[in-house]
Amino acid sequence: MSRKVADVLWEMMESAGVKRCYGIVGDALNPVIDALRRNGKIEFIHVRHEEYGVFAAVAEAYLTGNPVAVCGTAGPGTVHLFNGLMDARKEGAAVIAIAGDVETHLIDTSALEELNPYKFFDAAALYIGRLVNPEQTRPIITTAILTAMIEKGPTVISIPGDIASADAPTGSYEITVPSSSQNRPSDSDLKTLVTMIDDAKKVAIFGGEGCRDARDEVLQLATKLNAPVGYSFRGKQWLEHDNPNAVGMTGLLGYGGAYNAIHDADLLLLLGTDFPFSEFLPGKSVKKVQIEKNAKHIGRRTAVDLGLVGDVKTTLGVLLPRIGEKPDGRFLKKRVAETESFHELLQHYVEKGPGIKPIRPEFLIATLSELASDDAMFFADTGTACIWVARYINGGKNRRLFGSFTWASMANAAPNAFGAQLAYPGRQTIAVCGDGGFTMLALGDLLTQVQRKTPVVQIVLNNGSLDFVNIEMQEAGMIPFGVEFKCPNFAKVAEAMGAKGIRIEEPGDVKEGLAAALAHKDGPVVVDAVVDPFALSLPSHVPFHTAKGFTLSLSKQILSGKMDKVIKTIERNTGLV
């Protein structure tokens, strides 16, 4: 019996290291899924919503470094893949989408569920191949797989059912994946960088995701230069823990001395970061050097005096022996002291948390960090969950932290944690979810977790609001509108769906409730944490326009008869309680 095109597809996927495919079966995709069944070596993860499946795949691909497949059938099913593929592109995850397509004789006839994959996926995918002839099997599938793996991003294979069922041409279908190359700048550029470093009295470092494999080199550089090390949210898990030079984050989630460190330096080294908030980066008064393997990232957030294309680890490995030490540690000492002082401020609602109701999210997440295992994986929903996770989850060598940090989609945390649990069975996977995100996407596929008995801990910040949007509106000087909604008792809903539900309303129950959730191993847990809806968290540096916006918003709220909310907001964020 000859092999079908769909059989070859999964053989090639398997040889490239794909272990799972997330999705929903149906019509145009049926021949592809039937071949997956025959293959038997790649696990099919049936989800209730394709978008949930892609977010799960993104986390698995990011954490493991291996490619992961997702699938959706023609038209509506493929549309549901888009948001997750955008996230894969922004977070650098090798996700390969198998998109069901109408049969070839129907293409370009506006047939039922017909979708032009080139137009639709153009913004999300690094490569799109429409397989309309069996002879295209090897080149299209090979290109999709290698592009995803080498460039670290999503690709799409659109395959009509009649082509999937067709006989595959004879020939070799082996996939040879080349090892990733380690690039570094030229010697002349490195010589310029050495001169700039030697000439600067005060050097600061700001690192991002590009420091993932370069932690040791970055810390060696910081030690040699007595340089404070700030980091983006994506860089936090690599550069914060066990780092005496760490000075926190800048930006909207900022804390510590990072903002002042990068603005008071003579020279700022931007290492592997595409930090998007330009208003928090220094201007012409600070010389800036950016080292980035993706040339398109250089200089697009702030003007730089020297841009170097190269892998951070390799580049620093060559740079370190060429630079001299800077023995003056006063600049570093000042910024570290500022960071320590800010951390003391952050502890106010943690230390007073046991006596404050509604529960302070600071106290909740700090307690979670204390109780979680040393190799726990944390996933944060976009919104205030990111604020509390950034500030109160302590990192560690084997702890991991992930979210939709660059695409900033809602509802990512629960599916991220699900994908991570499948990739690392039994390892603590914890999703910190907003109540808006949880009801948007996570509730339906809680049934998937129940069916598979995946021990994922989902902590829902139940404040009946799109809290981050509420803050955004106040920063813009607006009266918050359209951000409030009514939530159910999530613990009871979870129990009705077959999961373990824990509701925490009293601050005195926080530690016991979280400990019970983390100890549960027989399936998913939903912790319904009723938290203070008035809790705010401003960055360590507040831009003038932000302060002005809050003042204007509070004034408008008073004039519109919302004095009670204004009083509660002030009362609960100024240390009065």
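Please refer to the structure placed before this passage.
The residue numbering used here restarts from 1 in each chain and proceeds along that chain's sequence as written. With the structure being a predicted model, the display of local features is reserved for residues of pLDDT at least 70 and the display and counting of side-chain atom pairs for 80 or more, all residues being used for whole-chain, interface and lining totals. Water and hydrogen atoms were dropped before computing side-chain values, which therefore reflect all heavy atoms in the structure.

A. Up close: the overall build of the protein chain. Secondary structure counts use DSSP, requiring at least four H or I residues in a row for a helix and at least two E residues in a row for a strand, with both numbered from the N terminus. Within the protein chain one finds 24 helices and 17 strands. We compute the radius of gyration from the C-alpha atoms alone; for a globule the expected value is 2.2 Å times N to the 0.38, where N is the number of residues. For the protein chain, whose C-alpha radius of gyration is 25 Å, the value lies close to the compact-globule estimate of 25 Å for 577 residues. Expressed along its principal axes, the backbone C-alpha trace of the protein chain runs to roughly 75 × 65 × 45 Å. Counting every position in the protein chain, which comprises 577 residues, the buried fraction comes to 58%. Partitioning the intrachain contacts of the protein chain with sequence separation of at least 6 by distance along the chain shows that 75% fall at a separation of at least 24. Carbon and sulfur atoms provide 53% of the accessible area of the protein chain, an area that totals close to 23300 Å². In the protein chain, 59 side chains carry a positive charge and 66 a negative one; their mean positions are 4 Å apart. Burial status follows relative accessibility: with a 1.4 Å probe on protein chains alone, a residue under 20% of its type maximum counts as buried, one over 50% as exposed, and anything between as partly exposed. Between two residues, a contact is recorded if the distance between any of their heavy atoms is within 4.5 Å. Working definition of accessibility: Shrake-Rupley area with a 1.4 Å probe, residue cover restricted to the visible protein chains. Counted charges follow a simple rule, with Lys and Arg positive, Asp and Glu negative, and His plus the chain ends left uncounted. Taken as the charge centre is NZ of Lys, CZ of Arg, CG of Asp or CD of Glu, depending on the residue.

B. Highlighting the sheet that holds strand β2 (residues 43-46). A pair of strands is labelled paired if DSSP reports no fewer than 2 bridges between them. The six strands lie next to each other as β2-β1-β3-β4-β6-β5, forming an open sheet whose pairing is parallel. The open sheet is flanked by β2 and β5 (127-130), the only strands paired with a single partner. Pairwise comparison of adjacent strand axes, ignoring direction, gives a mean angle of 20° for this sheet. Bridge count between strand β3 (residues 68-72) and strand β4 (residues 95-101): five bridges; the pairing is parallel. Note on β4: the bridge partner recorded for Val70 is Ala97. What counts as an axis is a line fitted to C-alpha atoms, over the stretch in contact for a helix, and the angles between N-to-C directions run from 0 to 180 degrees. Lying over the sheet, helix α2 (residues 30-39) contacts β1 (20-23), β2, β3, β4 and β6 (155-160), oriented at roughly 130° with respect to β2. On the sheet, helix α18 (residues 413-423) packs against β1 and β2 and is oriented at approximately 155° with respect to β1.

C. Seen up close, helix α5 (residues 82-91). A large share of α5 lies buried, amounting to seven of its 10 residues. Inspection of α5 places Asn83, Gly84, Leu85, Met86, Asp87, Ala88 and Glu91 among the buried residues, and these make up the whole buried set. Buried positions along α5 lie against α3 (50-64), β3, β4, β6, α11 (233-239) and β13 (400-403).

D. Structural view of unusual backbone geometry. Here the bond from Lys357 into Pro358 is cis, since omega is 0°, no more than 30 degrees from zero. Positive phi, close to 65°, is recorded for Glu113, a residue that is not glycine. Looking at where Glu113 falls in the secondary structure, it is placed in the loop between β4 and α6 (117-120). Residue classification places Glu113 among the partly exposed residues on the basis of a relative accessible area of 30%. A positive phi is found at Lys453, a non-glycine position, where the angle reads about 55°. Checked against the element boundaries, Lys453 lands in the loop between α19 (435-452) and β15 (456-462).

E. How the structure looks around the nonpolar core. Put simply, buried Ala, Val, Leu, Ile, Met, Phe, Trp, Tyr and Cys residues joined by side-chain atoms within 4.5 Å make one nonpolar core. Ranked by internal contacts, the top residues of the largest apolar core, which has 129 residues, are Tyr22, Leu85, Leu221, Leu269, Leu271, Leu364 and Leu368. For this core, the element with the highest residue contribution is α3, accounting for 10 residues. Membership of the second largest hydrophobic core comes to 38 residues, among which are Ala69, Cys71, Ala94 and Ala144.

F. Layout of the sheet that holds strand β7 (residues 203-207). Within the open sheet, the five strands sit side by side as β8-β7-β9-β10-β11. Their pairing is parallel. In this open sheet, the two edge strands, each paired with only one partner strand, are β8 (229-231) and β11 (306-309). Sheet twist, expressed as the average angle between the axes of neighbouring strands with direction ignored, equals 20°.

G. Inspection of the pairing of strand β10 (residues 287-292) at higher detail. Among the six residues that make up β10, five are buried, leaving the element largely enclosed by the rest of the structure. Pairing between strand β9 (residues 267-271) and β10: five bridges, direction parallel. Paired with Leu267 across the bridge in β10 is Lys287. As defined by bridge partners, β10 adjoins β11 across four bridges and the pair is classed as parallel. Considered in β11, the bridge of Glu292 is made with Val309.

H. Quick look at the packing of aromatic side chains. Here a Phe, Tyr or Trp ring, Trp counted by its six-membered ring, pairs with any other such ring whose centre lies within 6.5 Å, and the pair is stacked when the planes are under 30 degrees apart, edge-to-face when over 60, and tilted otherwise. Throughout the structure, instances matching the rule amount to 11 aromatic pairs. Look at Phe275 and Phe277: their rings are 5.6 Å apart centre to centre, the planes differ by 70°, and that puts the pair in the edge-to-face class. Phe275 sits in the buried class, given a relative accessible area of 8%. Positioned over the ring face of Tyr62 is Arg212, at 4.3 Å from the centre of the ring. Charge-over-ring contacts are defined here by two conditions on Lys NZ or Arg CZ: a distance within 6 Å of the ring centre and an angle within 35 degrees of the ring normal. The cationic tip of Arg360 hangs over the ring face of Tyr349; the distance from NZ or CZ to the ring centre is 3.6 Å.

I. Spotlight on the environment of Gly383. Checked against the element boundaries, Gly383 lands in the loop between β12 (377-380) and α17 (384-392). Take Gly383: its relative accessible area is 12%, and that puts it in the buried class. The spatial distance from the C-alpha of Gly383 to the C-alpha of Leu466 is 7.8 Å, given a sequence separation of 83 residues.

J. Spatial organisation of the packing of helix α9 (residues 187-199) against helix α13 (residues 312-319). Two elements in contact, α9 and α13, have axes separated by 11 Å at closest approach and are oriented at 65°. The pairing of α9 with α13 is recorded here as roughly perpendicular in orientation. Considering how the two elements wind past one another, α9 and α13 form a crossing that is right-handed. Mapping the contact onto sequence places Leu190, Leu193, Val194 and Ile197 in α9 and Thr315, Val318 and Leu319 in α13. Should an angle fall under 35 degrees it is called roughly parallel, over 145 degrees roughly antiparallel, and 65 to 115 degrees roughly perpendicular, with every other angle called oblique. The handedness criterion is simple: a crossing whose near helix is rotated anticlockwise from the far helix by less than a right angle is left-handed, and one whose near helix is rotated clockwise is right-handed.

K. View of the side chain of Asp101. By secondary structure assignment, the location of Asp101 is in strand β4. Side chain to side chain, Asp101 and Arg130 meet in a polar contact 2.7 Å long. A distance of 2.8 Å separates the side chain of Asp101 from the side chain of Ser158, its partner in a polar contact. Not counting the four nearest positions on each side in its chain, Asp101 is found in contact with Ala28, Ala74, Leu115, Arg130, Ser158, Ile159, Pro160 and Gly161. Here a polar contact means two N or O atoms within 3.5 Å. Within protein one must be a hydrogen donor candidate and the other an acceptor candidate, and residues neighboring in sequence count only if both atoms are side-chain atoms.

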